[in-house]
Amino acid sequence: KYASNPLMIGDAAWEKGVGRAGAFLVTPNYIDAFHFTISKLPETVTSPIAYLETWIVLIAIRRWKQYLKNAHIDILTDNSVTFWALVKGRSRAGYVHKIINIILHELALLDSSFFVSWIPTAQKTADVLTRFLGESDILLKEVLRILGIKQLVEIKAPEFPTEEPSFAIVDWSSTQY
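Residues numbered from 1 in each chain as written. Predicted model: local features only at pLDDT ≥ 70, side-chain atom pairs only at ≥ 80, totals over all residues. Heavy atoms only, no water.

### Details of the confidence of the model for the protein
Inference 1: Of the residues in the protein, 77% have a pLDDT of 70 or more, and the chain-wide mean is 79.
Inference 2: Mean pLDDT values over the elements of the protein span from 69, in helix H5 (residues 127–131), up to 95, in helix H3 (residues 80–88).
Inference 3: Considering only residues more than four positions removed or in separate chains, one finds that residues 164–177, a stretch of pLDDT under 50, has 16 contacts. (pLDDT = per-residue confidence, 0-100. Helix = DSSP H or I, 4+ residues; strand = E, 2+ residues; numbered from the N terminus. Contact = heavy atoms within 4.5 Å.)

Spelled out as structure tokens, the structure:
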């Protein structure tokens with residue numbers, strides 16, 4: 001049995017060469033949010049949205065690992081590449097696959113499991129972190145007020161994941177018995 005059941009919602013946007021990503025974490029005793037802006041992605045990335053939407057899950061796990069230990073995490077995403085990569089534990093997009101391997105490794109170290117749900121973009125609270133940034137934005141301020149978040153943390157864009165974990169994810173679907 002898991003100690004908690006936190007809800008993690010992330011989102012990303014890419015427009016005119018600028019990416020924005022952010023996430024919310026909701027637990028019974030803790031609510032937090034963060035966001036960042038980035039203008040450079042690895043050269044191998046052909047779909048910035050798929051990369052950022054998957055990457056924000058990893059960044060959120062690293063940022064909130066003390067709240068995710070021994071937990072069953074509900075992850076909400078509106079990105080189908082991220083959703084299916086988390087469901088299958090792999091992706092044909094090499095950069096997404098690398099991030100998925102790291103996510104699975106870090107969750108194993110935390111003794112945590114997850115359930116991922118795809119939800120329509122219109123239902124995602126985290127969209128306010130990526131689409132409505134600005135000091136005067138009324139919607140963002142209202143969402144933060146409702147959630148009880150006094151200050152939205154803007155973090156420095158993290159380093160791109162460069163190393164995969166030292167274990168292999170086994171694709172059991174191709175194994176013959």
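### Here's the deal with the packing of aromatic side chains
Inference 1: Per the counting criterion, the structure on display carries six aromatic pairs.
Inference 2: On the numbers, 5.7 Å between centres and 55 degrees between planes, the contact of Tyr51 with Tyr95 is tilted. Of this pair, Tyr51 sits in helix H1 (residues 48–63) while Tyr95 sits in helix H4 (residues 94–109); the two residues are 44 residues apart in sequence, bridging distant segments of the chain.
Inference 3: For Tyr51, a relative accessible area of 2% gives the class buried.
Inference 4: Feature note: the residues Phe36, Tyr51, Trp55 and Tyr95 constitute an aromatic cluster, connected by ring pairs. (Phe/Tyr/Trp six-rings, centres within 6.5 Å; stacked < 30°, edge-to-face > 60°. Buried < 20%, exposed > 50% of the residue type's maximum accessible area, 1.4 Å probe, protein only.)

### Quick notes on the sheet that holds strand E2 (residues 18–26)
Inference 1: With mixed pairing, the six strands of this open sheet are ordered in space as E5-E4-E1-E2-E3-E6. Strands at the two margins of the open sheet, each flanked by one partner only, are strand E5 (113–118) and strand E6 (153–154).
Inference 2: Across six bridges, the pairing between strand E4 (residues 72–77) and E5 is parallel. Following the sheet pairing, Asp74 is matched in E5 by Phe115.
Inference 3: Across the sheet, H1 lies against strand E1 (7–15), E2, strand E3 (31–38), E4 and E6, angled at about 145 degrees from E1, the strand it touches most. (Pairing = 2+ DSSP bridges. Axes fitted to C-alpha atoms, helices over the stretch in contact; angles between N-to-C directions.)

### A word on the pattern of salt bridges
Inference 1: Summed over the entire model, instances satisfying the criterion amount to three salt bridges.
Inference 2: Between Arg20 and Glu15 there is a salt bridge, with the nearest N and O atoms lying 3.3 Å from each other.
Inference 3: Among the residues examined, Arg20 registers a relative accessible area of 16% and is labelled buried.
Inference 4: We note a salt bridge from Glu106 to Arg62, for which the minimum N-O separation is 2.8 Å. Here Arg62 lies in helix H1 and Glu106 lies in helix H4, a separation of 44 residues in the sequence. (Salt bridge = Lys/Arg side-chain N within 4 Å of Asp/Glu carboxyl O.)

### Here's the deal with unusual backbone geometry
Inference 1: Not every positive phi belongs to a glycine, and Lys16 is a case in point at roughly 50 degrees.
Inference 2: Residue position: Lys16 is located in the loop between E1 and E2.
Inference 3: Of note, the phi angle at Asn70 is positive, near 55 degrees, even though the residue is not glycine.
Inference 4: Classification of Asn70 by relative accessible area gives partly exposed; the value is 27%.

### Description of empty space enclosed by the protein
Inference 1: Applying the stated criterion to the full structure yields one cavity of 30 Å³ or more.
Inference 2: In this model, the largest cavity occupies a volume close to 30 Å³.
Inference 3: Residue lining of the largest cavity: Met8, Ile9, Gly10, Ala23, Ile56, Val57, Ala60, Ile75 and Leu76, and that is the complete set.
Inference 4: Taken together, the residues of the lining of the largest cavity break down into eight nonpolar, one polar and no charged. (1 Å grid on protein atoms, 1.4 Å probe; cavity = no way out; pocket = protein on both sides within 12 Å on 5 of 7 lines; lining within 4 Å. Points joined across faces, edges and corners; volume = space filled by probe spheres on them. Nonpolar A, V, L, I, M, F, W, Y, C, P; charged D, E, K, R; others polar.)

### Comments concerning H1
Inference 1: In this model H1 runs 21 Å from its N-terminal to its C-terminal C-alpha over 16 residues, within 8% of the 22 Å that 1.5 Å per residue would give.
Inference 2: Among the 16 residues that make up H1, twelve are buried, leaving the element largely enclosed by the rest of the structure.
Inference 3: Listed in full, the buried residues belonging to H1 are Ala50, Tyr51, Leu52, Glu53, Thr54, Trp55, Ile56, Val57, Leu58, Ile59, Ala60 and Ile61. (Expected span 1.5 Å × (residues − 1).)

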